[in-house]
Structures are given as C-alpha cells and as structure tokens.
Amino acid sequence: MLLAGPVAAQTAPAVADGQGTPVRVQTTLSFFMSGSGAEDELPQKLDQARKIVFQLAARECELLRSTIAKDCKLDSVNSNVRQIEGRQPQLQQPTGYNVSGTIQSTVSLKAQP
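I will try to describe carefully the structure that is included in this document. Just so you know, these numbers come straight off a predicted model, no measurement behind them. (Residues numbered from 1 in each chain as written. Predicted model: local features only at pLDDT ≥ 70, side-chain atom pairs only at ≥ 80, totals over all residues. Heavy atoms only, no water.)

1. Observations regarding the state of the cysteines
Here is the idea: a disulfide is a covalent bond, and it sits between the sulfur atoms of two cysteines. Put simply, the rule reads: Working definition: a disulfide is two cysteine sulfur atoms within 2.5 Å of each other. Strands are runs of DSSP state E lasting at least two residues, helices are runs of H or I lasting at least four, and both sets are numbered from the N terminus onward. Each residue is assigned to one of three classes by its accessible area relative to the maximum for its type, calculated with a 1.4 Å probe on protein chains only: buried under 20%, partly exposed between the two thresholds, exposed over 50%.
Scanning the model with the defined rule gives 1 disulfide in all. Between the sulfur of Cys 61 and that of Cys 72 lies a disulfide, 2.0 Å long from S to S. Between Cys 61 and Cys 72, the S-S dihedral sits near -65°, and the bridge is therefore left-handed. Here Cys 61, found in helix H1 (residues 42-67), pairs with Cys 72, found in strand S2 (residues 69-84); they are 11 residues apart in sequence, far enough to count as distant. The residues Cys 61 and Cys 72 share a single accessibility class, namely buried.

2. Structural notes on the pattern of salt bridges
Selection rule: We define a salt bridge as a side-chain nitrogen of Lys or Arg found within 4 Å of a carboxyl oxygen belonging to Asp or Glu.
Taken as a whole and judged by the stated rule, the model has 3 salt bridges. Linking Asp 47 and Arg 50 is a salt bridge whose minimum nitrogen-to-oxygen distance equals 3.6 Å. Placement of both Asp 47 and Arg 50 in helix H1 is noted, with a separation of 3 residues, approximately one turn of the helix. You can call Asp 47 partly exposed: its relative accessible area is 48%.

Dropping the structure here:
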C-alpha cells in the first residue's frame, strides 16, 4: 500500500535572540613541539602532541560555558602531527613537530544581556 499526500515540515519555533538555537563552534589550533627527529623519539612525541590536543578539547566546553554557551556538546576532535626536519642555520627552523587540531562542538547560546 502506497500513501501519497502533502507532508508538513516540522520546524522549531524561531527565537528572536537565538537563545536555545543550536550553534556549531569550531576551534582550530596549531603549535610547534621541538624534538630531535630521531625515530626512537617519534612514538612519544606523537602521543604527547595528541594528548595536548585532546586535553584542550576536554576543556573546550568549559571555556564555552564560561563565555557564550548555556549547554555544550563536544562533537569531534581531529589532530595532525607532522615531523619537520631542521633546515639550514640561516633559516633558523629547528627540527621538531608541527601539531594542528580541530575541535567541533554544538552549543546553546546564553541569553544576551
């Protein structure tokens, strides 16, 4: 049996000040960790770099609640670690690791004063 007919769209009621409307927040971070670039150091440096990104992600909702958010939910965390070989001394780029990460959250905004 096939039923056909108009379908009513279900929408949330609009709120004038945006309070209660879910808002996605994305935070991108990037930092450098020095290191020798030795193979035996790589696993520890990768773990250390990812741990920093995950620690920052764990605190993200706390920060959002202290500023703009009434409620917060962490949606995703992405981390990327890239080994950098030192270059010629005149460029002054040390050997180490470039670390970047993205933290995505969904928040409900606080009422604005």
